Amino acid sequence: MNTATRATLRRLAACLLGGFVLALMVGRQEGSLNDFGISFHQAVVGPRIFVFLLIGLVIFVMVTFWPRVVPYLTRPGVAPLGAGLLAVLAAQTVMNWYDPLVSSTGNGKFSGVRTAANASPNLSSVSVAFFGWLAWTLVIAALVACAAAIVTRVRVFGYVTAAIGIVGAVLAYVAHSAVVDLDGGIDHSLGVYADIVGFLLLACAGITAVHARAEVADTRGFLRKVMGYRPGLPIAALGVILGLLAFSTAGWFGALQINDTLAQAHSDFDGTGISSLALNYLGWLGWTLFGAAAVLSLAATYLRNRMLAWVSLILSVVGVVLTFLTLRSMTDIGAQVAPQFGGTWKNLGAGGFLACIVFSLFAAATAMVISSTSAGVRRNVRAKAPTDELPVTSMVKGFRRSSNAMPLLIIGGALALFYPPTLTLTWQNVLVGQIGVFVLLAVGLNVVVGWAGLLDLGYIAFYEIGSYTTAYLVGALPVKPPSWLQMSPLVSIPFAILACLIAGVLLGAPTLRLRGDYLAIVTLGFGEIIQILAVNNPGGFTGGPQGPTVPHPRIHLGGINITWGQDNLPYWYLLLIMLIVVIVLFYRLEGSRLGRAWAAIREDEVAAQASGVNTTRVKLLAFAIGASTSALAGSFFATQVGYFDPSLFTLQASILIVAYVVFGGMGSLQGAIAGAAVLTWLPQFLKAQVPQDDRQMWIGALVLAMMIFRPAGLLPAKRRKAELEGLDAAASSETAAVPRAGAM
Amino acid sequence: MTESIDLSKGQETPTSPAVSSSSTLLNVDDIEVRYGTIRALKGVSFHVNEGEIVALLGANGAGKTTTQKTVSGMLRPSLGAITYDGKRIDGIPAHELIRLGICHVPEGRHVFPRMTVHENLEMGAFRFKKIDQTDLDNVLEMFPRLKERYKQLGGTLSGGEQQMLAIGRALMGKPRLLLLDEPSMGLAPLVVAQIFEILRDINNSGVTVLLVEQNAAQALGLADRGYVLETGEIVLEGTGSDLLADDRIRAAYLGEEIAAS
Ligand SMILES: Nc1ncnc2c1ncn2[C@@H]1O[C@H](COP(=O)(O)OP(=O)(O)O)[C@@H](O)[C@H]1O
Ligand SMILES: [Mg+2]
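Source: prediction; values computed, not measured. (Residues numbered from 1 in each chain as written. Chains lettered and ligands numbered in written order. Predicted model: local features only at pLDDT ≥ 70, side-chain atom pairs only at ≥ 80, totals over all residues. Heavy atoms only, no water.)

Asks: In this structure, what is going on with the environment of B:H95? I would like to understand it.
Replies: Mapping B:H95 onto the fold places it in helix α2 (residues 94-97). Here B:H95 falls in the buried class, since its relative accessible area comes to 13%. Between the alpha carbons of B:H95 and B:G73 there is a distance of 7.9 Å; along the sequence they are 22 residues apart. Ignoring sequence-local partners within four residues, the contact set of B:H95 consists of A:G612, A:V613 and A:N614. (Helix = DSSP H or I, 4+ residues; strand = E, 2+ residues; numbered from the N terminus. Buried < 20%, exposed > 50% of the residue type's maximum accessible area, 1.4 Å probe, protein only. Contact = heavy atoms within 4.5 Å.)

Asks: Looking at this structure, I do not really get the site of ligand 1. What am I missing?
Replies: All names here are of chain B. Contacts to ligand 1 come from Y35, A40, A59, N60, G61, A62, G63, K64, T65 and T66. One of the side-chain N or O atoms of T65 is found 2.5 Å from an oxygen atom in ligand 1. For ligand 1, whose unbound accessible area comes to 560 Å², protein coverage reaches 60%. When residues in the shell around ligand 1 are grouped by element, the largest group, three residues, is from helix α1 (residues 64-72). Broken down by class, the residue content of the shell around ligand 1 amounts to four nonpolar, five polar and one charged. (Near = heavy atom within 4 Å. Polar contact = N/O pair within 3.5 Å; in protein donor to acceptor, adjacent residues only side chain to side chain. Areas by Shrake-Rupley, 256 points an atom, 1.4 Å probe, with all protein chains shown as cover. Nonpolar A, V, L, I, M, F, W, Y, C, P; charged D, E, K, R; others polar.)

Asks: In this structure, what is going on with the coordination of the magnesium ion (ligand 2)? I would like to understand it.
Replies: Around a metal, the idealised angle for a tetrahedral arrangement of four donor atoms is 109.5 degrees; for an octahedral arrangement of six donor atoms it is 90 or 180 degrees. Residues and elements named next belong to chain B. Ligation of the magnesium ion (ligand 2) by protein atoms is provided by T65 (OG1) and E107 (OE), these donors lying 2.0 to 2.6 Å from the ion. With T65 in helix α1 and E107 in the loop between β6 (102-105) and α3 (117-124), the pair connects residues that are 42 residues apart, well separated along the chain. A relative accessible area of 28% places E107 in the partly exposed class. (Donors = N, O, S within 2.8 Å, 3.2 Å for Na, K, Ca; no water.)

Asks: Just to check I follow, could you spell out the packing of aromatic side chains for this structure?
Replies: The geometry of two aromatic rings is summed up by the distance between their centres and the angle between their planes. Per the counting criterion, the structure on display carries 29 aromatic pairs over all chains. Aromatic side chains A:F247 and A:F290 sit 5.1 Å apart centroid to centroid with 25 degrees between the ring planes, which places their arrangement in the stacked category. With A:F247 in helix α11 (residues 233-248) and A:F290 in helix α13 (residues 276-303), this residue pair connects regions lying 43 residues apart in the sequence. As far as the burial class goes, A:F247 and A:F290 line up, both buried. Ring plane angle 85 degrees and centroid distance 6.0 Å describe the contact between A:F644 and A:F649, whose orientation is recorded as edge-to-face. Taking the relative accessible area as the measure of exposure, A:F649 reaches 1% and is therefore buried. Grouping aromatic residues by their ring pairs yields a cluster made of A:F247, A:W252, A:Y281, A:W287, A:F290, A:F359 and A:F362. The ring of B:F126 is capped by A:R593, whose NZ or CZ atom sits 4.2 Å from the centre of that ring. Its end group placed over the ring of B:F128, B:K174 keeps NZ or CZ at 5.7 Å from the ring centre. (Phe/Tyr/Trp six-rings, centres within 6.5 Å; stacked < 30°, edge-to-face > 60°. Lys NZ or Arg CZ within 6 Å of the ring centre and 35° of its normal.)

Asks: Mind showing me how you'd approach the packing of helix α12 (residues 262-269) of chain A against α13(A) here?
Replies: Any two packed helices are characterised by how steeply their axes cross, that is the angle between the axes, and by the distance between the axes. All names here are of chain A. Packing of α12 against α13 leaves a shortest axis separation of 7 Å and a crossing angle of 150 degrees. Taken together, the axes of α12 and α13 lie roughly antiparallel to each other. Here α12 runs over α13; the crossing is left-handed. On α13, the residues that touch L262, A265, H266 and F269 of α12 are L279, L282, G283 and W287. Of the residues that constitute the contact of α12 with α13, the class distribution is six nonpolar, two polar and no charged. (Axes fitted to C-alpha atoms, helices over the stretch in contact; angles between N-to-C directions. Parallel < 35°, antiparallel > 145°, perpendicular 65-115°, else oblique. Left-handed = near helix turned anticlockwise from the far one by under 90°.)

Asks: Sorry if this is basic, but what is going on with the pattern of salt bridges here?
Replies: Any two side chains of opposite charge can pair if their charged atoms end up close together. Residue and element names in this part refer to chain B. For the structure shown, the criterion picks out 15 salt bridges over all chains. Two residues, E50 and R176, come together in a salt bridge whose shortest N-O distance is 3.1 Å. Here E50, found in the loop between β2 (38-49) and β3 (53-58), pairs with R176, found in the loop between α6 (159-171) and β7 (177-181); they are 126 residues apart in sequence, far enough to count as distant. Judged by its relative accessible area of 39%, E50 falls in the partly exposed class. With a relative accessible area of 27%, R176 lands in the partly exposed category. Two residues, K64 and E182, come together in a salt bridge whose shortest N-O distance is 3.9 Å. Here the residue K64 occupies a position in helix α1, and E182 occupies one in the loop between β7 and α7 (189-204), the gap between them amounting to 118 residues. (Salt bridge = Lys/Arg side-chain N within 4 Å of Asp/Glu carboxyl O.)

Asks: Help me out: how do you make sense of the domain arrangement of chain A in this one?
Replies: Note: interface size is frequently given as the accessible area lost on complex formation between the parts. Assigned domains within chain A: domain 1 (1-30 + 38-64), domain 2 (85-228), domain 3 (233-376 + 406-422) and domain 4 (425-551 + 570-695). Using only C-alpha atoms to locate each centre, domain 1 of chain A and domain 2 of chain A end up separated by 28 Å. (Domains from an automatic or database assignment.)

Structure (structure tokens):
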């Protein structure tokens, strides 16, 4: 036996052992410390061990044949193939397909639906087959065909892949809706949509593989070409697809567990005294508006006609307003008819809000046409070639606004406004209490850690001070403020910010001369002190470990009366306003003189000092700005949850926020937002997908993978990327960095 | 060196402690600087006249960098006074002295590594609301190499180019007094000659220069006057040519073998 075979055998053994260990790790760990036997038995004895051994085998094959595959990895079509496979795999293994099954059998995933489908005789045979064997067969067939297309470049293989992908997408939709039709109930699951996207990506992979002219994949260039062909057209097309779903199949009103589509809502609401506008909307006006806006925006984007674009934009805005009014009067009637279930803005299905998003998409698409001059179109089409002219004020102006910013803002705004109402109550709670608050915190910490380069491990202390300041000022603490100082929660926000500004300066002034690790240790100590102070209840001020109960916010201003209560959705809009203000402010700050000064001290403090930057003041400002953002978040949090206790403000929370910033991409505003959003969303998402005990493992795996493959973060800042990937990598363009595939 | 050294023959400048003539731009009077308990400067006095190039020479650890950092406001003296343009400036922080036209090119080529050449130069004009286009043009004309590498990141430049960038950045702050700390450090002789040539141009355009160097021959060739610093004290002073001719200088800094006198 020569050394090569021996090495291969050893690798095979290692891979199989790895599969074995994975089998032990994944799955419900039953039994106690005293009887490892039970969990071992469950993990190893039984057919599931073969699945894990198979994983080991696959890894072995991949490692062994990897060098043969590498030359093909830069070929066109590989990226969409990978993304598509990932989406389909995720959809058919971990994601939920049918929510009612979760409550009845505990398994609403693909496999759960398969079991249920086999047991129901009335289900169409296509659906049974799809869930039974067809789906996986299609995936494997698409994979084989696409691999053949990538390697051989024979057109037929590409077309076969595309056909399989499209068939897969259609069948997934048909099979899923057959199941939902048969069984009814409210379904929010996303599995089928991920599956459809995955199959469509596979189809794209096949086409790209055989049709790309280049030898080497330039995914970004390809995307730019697609998006630049007719600016806005893809967005308008997306609007049409979503609109068709919204107006034909989506639920519009869901009281008493019935999901009314638009047409059903029309017949149900007819004669209930609903406003004639709403009735007409449900009957014909909605469809007409949608159709007109769709045709107009498609035409405007295709013809690049600004006149049409303006008309379509106006029509889209009218569409949003009318949809909104209709939804409002529907819930008013709902509240009259069944007050125990109804209420303003209650019981609405996803359809109406989806329609609002659709109209916003049309608006975004046409805004793109309006904002892009003919020169802009050309700029979009041509890949951004390096120009020779000297930019005079690149940093003074901050980063250049692309012509895509406006439509992205419209789409983002539409999603932020109209998507949350369609979420379940649990997810609304997550959105406000986890995602929103932590995004705000991460954005603030990004100023300190990302922009000024100061590692602050006691950041949560300012959040805590903000919360307690609000609690004190509304009179929720054992020690009451003097009566003239007592105020409502929203009014207390500026005072909370002020308190944290002062605390930030008090902590920062003596310690900011310290660098790196030392500053981290001092801030860590500060965080601990503040937390322990709150628990220890000095002078009976904080109320100790119980924590205060803070009233919900309320606005009485002239004729305006807004009260926030238990419902989370109104808090979301309050938080959204805060987020927008903070993000816009910080965006401006990044390009300002102060932003440049931060960049300078982060890069080289001596050089910054020699350039005339007042380093102490600038660092202190970063610290104070971070602290006051934290205070804003804390103040909001206190009045939103109503009751909190000091056990929340631990070192772990501080470290988590640092992790969000790093994960998103240090020093990048978008990165901080994305990092916090993904990492707060993920644990909640995984709750329904993987066994409780394995959750941390999956999150850890994701963070690890991320740090290996994208060390600069999810949406890295330009400069930070250069730091991690080496200075030379940043200077060269993407295509130049990809080695040309050799002769094959 | 413990023995006190009398000034070399043919000294033209008065030997009395620097007299502030009307054209004196910078006057350093008997300053002492401490790092904790270490006395790095033990009473240093010198002056720089408007329009001059003055060289500050000395071996490693003599206190040259300390002196220059004290003048530029990065360190504050524990004793003594620094007058600039007739005003006391000791104790004023660096970012305020820049507004008075004291620009410092720190030791060791501190450029911003992940900013482009252009952004580095922009940082030099940080004290102004807007950068002055003519200044930028002048700098790029002075350093054509920088113009070629305009969008390259500072950290990817060669040593000589980084030094040029550091000087160019200081020039963007419209200096009246330019402080340079060992601009020749670690550079090839040809590049050093190039940089010294440019320093002469800068001086000719009306900027007063205080140059710290170990490279005594080059520095004294350029400077109008020079001071020699040794363990925190000035031990020699004179015009550039006089010092260049001084035996002790030749022995200590130019490495020439001199027959035992
Ligand atoms: N940050 C510091 N802390 C303590 N001692 C220092 C520090 N910087 C310089 N020194 C000491 O001060 C003396 C003068 O240093 P420096 O001015 O850097 O000399 P030069 O620039 O002439 O080589 C040296 O003995 C050095 O060790
Ligand atoms: Mg030195």
